[in-house]
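Results of the structural survey
Now for the letters of each chain:
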Amino acid sequence: ATGQTVARHAAPQLKRLHVELGGKNAEAIALSHDLGHGPFGHKGEYALRDLMEDHGGFEHNAHGLRVVDLLEVRYPHWRGLNLSYEVREAFARHSPKDAGALGFDRDRRPLLEAQLVDVCDSLAYLAHDLDDGITAGLVEPDALGEVEIWRAHAERVAADLAGQPRRLQVLATVKAIIDESVGDLITASAARIAAAGVASPEAVQAHERLLVGFSDGMHRKQRRLSHFLHEHFYCHPRLMKMGSRARRILNAIFEAYREEPRLLDHDARRWAEAVGVERAICDQLAAMSDREALDEYARL
């Protein structure tokens with residue numbers, strides 16, 4: 001009876017703790033989501049992948065796990081950040097085909113926190129690229145009229161903000177797309193989780209499909225917007241030229257370091273003794289920002 005009384009009084013606190021821990025997991029996964037990206041975004045990733053083809057390869061999700069397990073040094077007796085298994089697993093499951101090679105069961109679904117961050121990452125990616133493309137003058141708002149989700153919100157915003165600067169109307173339209181998408185994500189995911197009847201993390205990972213995601217209708221809208229950006233933004237000649245420049249810069253730095261390893265930072269030279277010159281070079285390059293890579297290219 002005493003045990004039941006304690007359990008009854010503890011239940012709200014335990015539930016709150018579970019929610020808080022889930023939130024911390026999601027926050028950690030989100031904050032670390034892009035740690036594996038090197039300079040120049042995906043173009044830089046492809047360049048590093050090709051440079052490391054004969055030296056163990058490069059993939060940004062796997063490298064993100066490498067950053068938190070090996071490259072960050074915050075403790076005197078071991079390398080890495082000492083993250084929980086669940087947060088580390090989320091790195092691997094961002095690219096399920098690589099999960100097995102990274103030591104995780106590739107047939108299990110990601111935890112709900114990891115599923116949520118993956119979808120939010122894709123939404124943020126799409127929304128920011130939409131805004132960037134318009135701001136850079138590579139995407140014309142009028143051309144977006146063929147995209148259903150843009151057209152619906154743009155027409156309403158134009159009526160509500162008549163007379164306001166075009167830039168503010170564009171920002172309001174992008175925000176409205178995010179708002180609709182987030183609302184749909186919450187509703188569709190809640191319905192899917194309830195219908196699945198999952199009651200534990202193990203049940204989530206054993207389920208036959210992902211449980212966090214948009215409704216079918218919103219998924220079609222997102223896919224159409226993504227297709228438009230691929231045609232009009234990602235494949236724009238200006239971006240293609242920037243991608244070629246990024247590859248040229250990373251190739252040049254890589255070869256300069258390999259020809260003369262003493263150009264590497266002191267810590268990278270010591271690290272090369274443990275993992276090999278090419279891997280140490282890749283680790284140093286992947287840690288650079290765009291600006292740092294440009295500056296190092298100019299210096300070399």
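Residues numbered from 1 in each chain as written. Predicted model: local features only at pLDDT ≥ 70, side-chain atom pairs only at ≥ 80, totals over all residues. Heavy atoms only, no water.

Focus: the overall build of the protein
Scanning the protein from terminus to terminus reveals 14 helices and zero strands. Mapped from its N terminus to its C terminus, the protein presents α and β elements in the order α-α-α-α-α-α-α-α-α-α-α-α-α-α. Here the contacts in the protein between residues at least 6 apart in sequence split such that 67% fall between residues at least 24 apart. When the accessible surface of the protein is totalled, it reaches about 17,300 Å², and 55% of it is carbon and sulfur. (Helix = DSSP H or I, 4+ residues; strand = E, 2+ residues; numbered from the N terminus. Contact = heavy atoms within 4.5 Å. Areas by Shrake-Rupley, 256 points an atom, 1.4 Å probe, with all protein chains shown as cover.)

Examining the packing of helix α2 (residues 41-51) against helix α11 (residues 237-259)
The N-to-C vectors of α2 and α11 enclose an angle of 40 degrees; their axes lie 9 Å apart at closest approach. Classified by the interaxial angle, the pair formed by α2 and α11 is oblique. Regarding α2 and α11, the two cross each other, and that crossing is right-handed. Counted together, K43, G44, Y46, A47, L48, D50 and L51 of α2 and M240, G243, A246, R247, L250, N251, F254 and E255 of α11 form the full contact between these two elements. For the contact of α2 with α11, the class distribution of residues is eight nonpolar, three polar and four charged. (Axes fitted to C-alpha atoms, helices over the stretch in contact; angles between N-to-C directions. Parallel < 35°, antiparallel > 145°, perpendicular 65-115°, else oblique. Left-handed = near helix turned anticlockwise from the far one by under 90°. Nonpolar A, V, L, I, M, F, W, Y, C, P; charged D, E, K, R; others polar.)

Digging into the packing of helix α6 (residues 112-135) against helix α8 (residues 166-196)
Running from N to C, α6 and α8 point in directions that differ by 165 degrees, and their axes come no closer than 11 Å. By the criterion of interaxial angle, the relationship of α6 to α8 is roughly antiparallel. For α6 against α8, the interelement crossing comes out right-handed. Between α6 and α8, the contacting residues are L112, L116, V119, C120, L123, A127, L130, D131, I134 and T135 on the first element and R167, V170, L171, V174, I177, I178, S181, V182, L185 and I193 on the second. Among the residues making up the contact of α6 with α8, the classes are represented as 16 nonpolar, two polar and two charged.

Some words on the packing of aromatic side chains
One pass over the structure, following the stated rule, counts three aromatic pairs. Aromatic pair Y125 and Y234: ring centres 6.5 Å apart, planes at 50 degrees, arrangement tilted. With Y125 in helix α6 and Y234 in helix α10 (residues 216-234), the pair connects residues that are 109 residues apart, well separated along the chain. Classification of Y234 as partly exposed rests on a relative accessible area of 23%. Measuring from ring centre to ring centre gives 5.6 Å for F233 and Y234, while their planes differ by 45 degrees; the resulting arrangement is tilted. With relative accessibility at 8%, the residue F233 sits in the buried group. Put simply, the rings of Y125, F233 and Y234 pair up and form one aromatic cluster. (Phe/Tyr/Trp six-rings, centres within 6.5 Å; stacked < 30°, edge-to-face > 60°. Buried < 20%, exposed > 50% of the residue type's maximum accessible area, 1.4 Å probe, protein only.)

Concerning the confidence of the model for the protein
Averaged over every residue, the pLDDT of the protein is 88; the share at 70 or more is 90%. Ignoring residues within four places in sequence, the model shows residues 1-10, a span with pLDDT below 50, making zero contacts including any to other chains. (pLDDT = per-residue confidence, 0-100.)

Looking at the pattern of salt bridges
Per the counting criterion, the structure on display carries 18 salt bridges. When the shortest N-O distance is used, the salt bridge between E27 and K24 registers 3.9 Å. Of this pair, E27 and K24 both sit in helix α1 (residues 2-31), three residues apart, which is roughly one turn of the helix. K24 sits in the exposed class, given a relative accessible area of 55%. A salt bridge links R108 to E89; the nearest nitrogen and oxygen atoms lie 2.8 Å apart. In this pair, R108 sits in the loop between α5 (96-99) and α6 while E89 sits in helix α4 (residues 85-93), placing the two residues 19 residues apart along the sequence. Residue classification places R108 among the partly exposed positions, given a relative accessible area of 30%. Ionic contacts of the salt-bridge type, sharing partners, join the residues R49, D50 and R247 into one network. (Salt bridge = Lys/Arg side-chain N within 4 Å of Asp/Glu carboxyl O.)

Points about unusual backbone geometry
Most peptide bonds take the trans configuration, and most residues that are not glycine carry a negative phi. Despite not being glycine, F40 shows a phi value in the positive range, around 70 degrees. Topologically, F40 is positioned in the loop between α1 and α2. The class of F40 is buried, set by a relative accessible area of 17%. We note that N82 has phi near 60 degrees; this positive angle belongs to a residue other than glycine. By the element assignment, N82 lies in the loop between α3 (60-71) and α4. Of the residues examined, N82 reaches a relative accessible area of 56% and is grouped as exposed.

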